[in-house]
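Each chain, written out:
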Amino acid sequence: MRKAMGIILLVWVTVLGAQEAEVDPGSTIQVDVNVVNVPVSVTDSEGRFLVDLNEDDFKVWENGQRVEIRYLTKSNDIENMPPLRVGLLIDQSNRARLYYKTYKDSIGDLAFQLIPEGGRDRGFLMGYHMEVDLLVKMTDDAYLISERLEKVKHGGGSAMLDAIYEACTKYLASEEYKGPGEPRKVIVIIGDGHDNVSKRSLEEVLYVAQRHQVTIHGLSTVAWGFHEKEEKNLFQLAEATGGRIVQPMDNVHKDVSGYLSKPQDAGNFVYTVGTGEYNAAQLQALFDAIRDVAGGIQKQYVLGYVPPEPFSDGKFRRIRVELNLTKYVDLDIRHRAGYYPPEVAAP
């Protein structure tokens, strides 16, 4: 009897192994880890996300060579969408003290949107000033992040680049590359791009972000009427990794007036009481900004393909994704510029 059971067990294991080896090329579940996942977001001319495109609507190239798309996962296919790992990085420098009260609740709202209760997604909270602090470790509970935001203190300089480097290498680096199951890795910076104390350079940060396939988004805190030359660092990081930077305060003054804001004919130093619409416009701008950042992360497609060359060369590979569409005009497609091959265990 034991011998018979052993034979049945052996046959069952053999059949199971054969089933696992036979993988539908159109499925998002693959045994082979030698695949590349490319998160892609598409918006129209009014900033609305397109979420109903199909595999035939995309074309992908790696280092100038057209590759076959093995699978496409849509944002509403929650079961097959790779889980999200997101780091929220907040500026705790003296420069951030003035605006933090305005942004605090919005950062908490973003955490609740990106880390919904009961899901597979996880996130952490980091702060940067003269040093980098892990404020909330990786968690599936957005309430912990929201609660910690109430206790943030400010002071000193800004080590933004060091914070991004640490987030990529310590908290978003995979111990083992999972191929199609590799998590989507995201950083959201809430700051103005200023950095005056980091030990890491912009080039080093770009390398580790591309090495660990991290997408960088930003919620710029530069106020209307002001200019921060280092804000361009945010845009460079986002462009290279496929993220987006939103500037909620950029035009918030355009059509509204604040308190005591209208000059009288009596002279430039005499003012009448304005409408007080500025606060409402500011809140609306922050709401729209959070929607855009969350949408750029949640309303993504994930395209998967087998690279033309094995991962073993370790060289940077450029990615180009195009849309095979004629019914839309002025579409904005965002994806990372390329990647460094992950280390994959030999079969």
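Residues numbered from 1 in each chain as written. Predicted model: local features only at pLDDT ≥ 70, side-chain atom pairs only at ≥ 80, totals over all residues. Heavy atoms only, no water.

**Details of the packing of aromatic side chains**
Tallying each qualifying case throughout the model produces 7 aromatic pairs. Between Phe311 and Tyr339, the ring centres sit 6.4 Å apart and the planes meet at 85°, which makes this aromatic pair edge-to-face. On the criterion of sequence distance, the pair formed by Phe311 in the loop between strand S13 (301-305) and strand S14 (317-323) and Tyr339 in strand S16 (residues 338-339) is long-range, its members being 28 residues apart. The class for Tyr339 is buried, based on a relative accessible area of 0%. Ring centres of Phe316 and Tyr340 lie 5.0 Å apart, and the angle between their planes is 55°; on these two criteria the pair is classed as tilted. One end of the pair, Phe316, is in the loop between S13 and S14; the other, Tyr340, is in the segment after S16, and 24 residues separate them in sequence. (Phe/Tyr/Trp six-rings, centres within 6.5 Å; stacked < 30°, edge-to-face > 60°. Helix = DSSP H or I, 4+ residues; strand = E, 2+ residues; numbered from the N terminus. Buried < 20%, exposed > 50% of the residue type's maximum accessible area, 1.4 Å probe, protein only.)

**A short note on the pairing of strand S9 (residues 214-220)**
With 7 of 7 residues buried, S9 lies mostly within the body of the structure. Side chains Val214, Ile216, Gly218 and Ser220 project from S9 onto one buried face, and the interleaved Thr215, His217 and Leu219 project onto a second face that is buried too. Both strand S8 (residues 184-191) and S9 contribute to a ladder of 7 bridges, which runs parallel. When the sheet's bridge partners are listed, Lys185 is paired in S9 with Val214. In the classification by handedness, the crossover that spans S8, the intervening helix H5 (residues 202-211) and the parallel S9 is right-handed. The sheet contact formed by S9 and strand S10 (residues 245-246) spans 2 bridges and is parallel. Across the sheet, the residue bridging to Leu219 is Val246, located in S10. (Pairing = 2+ DSSP bridges. Right-handed = clockwise from strand over helix to strand, strands pointing away.)

**Section: the environment of Arg85**
Mapped onto the secondary structure, Arg85 falls in strand S5 (residues 84-91). With a relative accessible area of 21%, Arg85 lands in the partly exposed category. When the C-alpha atoms of Arg85 and Phe124 are compared, they prove to be 8.3 Å apart, with 39 residues separating the residues in sequence. If we ignore the near neighbours within four places in the chain, the residues touching Arg85 are Arg120, Asp121, Arg122, Met138, Leu172, Pro183, Arg184, Lys185 and Val186. (Contact = heavy atoms within 4.5 Å.)

**Considering the environment of Glu150**
Summarising the element assignment, Glu150 is placed in the loop between helix H3 (142-149) and helix H4 (160-171). Placed 45 residues apart in sequence, Glu150 and Asp105 show a C-alpha to C-alpha distance of 9.0 Å. Glu150 has contacts with Lys104 and Asp105, leaving out every residue within four places of it along the chain. At 3.1 Å, the side chain of Glu150 forms a polar contact with the side chain of Lys104. (Polar contact = N/O pair within 3.5 Å; in protein donor to acceptor, adjacent residues only side chain to side chain.)

**Topic: helix H2 (residues 100-114)**
A rise of 1.5 Å per residue sets the reference length of H2, with its 15 residues, at 21 Å; its end C-alpha atoms lie 20 Å apart and thus fit the reference within 8%. For H2, every residue scored as buried is listed here: Tyr100, Tyr103, Lys104, Ser106, Ile107, Gly108, Leu110, Ala111 and Leu114. (Expected span 1.5 Å × (residues − 1).)

**Regarding the nonpolar core**
Within soluble globular proteins, side chains that are nonpolar tend to cluster in buried spots. Ranked by internal contacts, the top residues of the largest apolar core, which has 33 residues, are Leu88, Ile90 and Val188. Elements with a contribution of two residues or more to this core: S5, H2, strand S7 (132-139), H3, S8 and helix H7 (278-298). With residues near it in sequence (within four places) discarded, Val188 still touches Val86, Gly87, Leu88, Leu89, Leu110, His217, Val293 and Ile297. Counting residues in hydrophobic clusters, the runner-up holds 28 residues, among them Ala159, Leu161, Ile189 and Ile245. (Core = buried A, V, L, I, M, F, W, Y, C linked by side-chain atoms within 4.5 Å.)

**Section: the side chain of Asp192**
Position of Asp192 among the secondary structure elements: in the loop between S8 and H5. Engagement of the side chain of Asp192 in a polar contact is seen with the side chain of Arg95, the distance being 3.1 Å.

**Some remarks on the pattern of salt bridges**
Taken as a whole, this structure holds 14 salt bridges when the rule is applied. Glu46 is the salt-bridge partner of Arg48, the closest N and O atoms lying 3.6 Å from each other. Arg317 serves as the salt-bridge partner of Asp313, at 2.9 Å between the closest nitrogen and oxygen. Connected through salt bridges with shared partners, the residues Asp44, Glu46 and Arg48 form a single ionic network. (Salt bridge = Lys/Arg side-chain N within 4 Å of Asp/Glu carboxyl O.)

**Quick word on the packing of H5 against helix H6 (residues 231-241)**
Across the interface, H5 lies against H6 with an axial gap of 10 Å and an inter-helix angle of 30°. Between H5 and H6, the angle is such that the two are roughly parallel. Relative to H6, H5 is oriented so that their crossing is right-handed. Contacts between H5 and H6 involve Leu202, Val205, Leu206, Ala209 and Gln210 from the former and Asn233, Gln236, Leu237, Ala240 and Thr241 from the latter. A per-class count over the contact of H5 with H6 returns 6 nonpolar, 4 polar and no charged. (Axes fitted to C-alpha atoms, helices over the stretch in contact; angles between N-to-C directions. Parallel < 35°, antiparallel > 145°, perpendicular 65-115°, else oblique. Left-handed = near helix turned anticlockwise from the far one by under 90°. Nonpolar A, V, L, I, M, F, W, Y, C, P; charged D, E, K, R; others polar.)

**Some points on the side chain of Glu231**
Inspection of the secondary structure assignment puts Glu231 in helix H6. It turns out Glu231 is buried and unbridged, and the closest side chain with the opposite charge, Arg95, is 9.5 Å from it. In terms of polar contacts, Glu231 uses its side chain to reach the side chain of Ser220, at 2.5 Å. Engagement of the side chain of Glu231 in a polar contact is seen with the side chain of Gln247, the distance being 3.0 Å. Filtering out sequence-adjacent residues up to four positions away, Glu231 remains in contact with Asp192, Gly193, Ser220, Val222 and Gln247. (Lys, Arg positive; Asp, Glu negative; His and termini not counted.)

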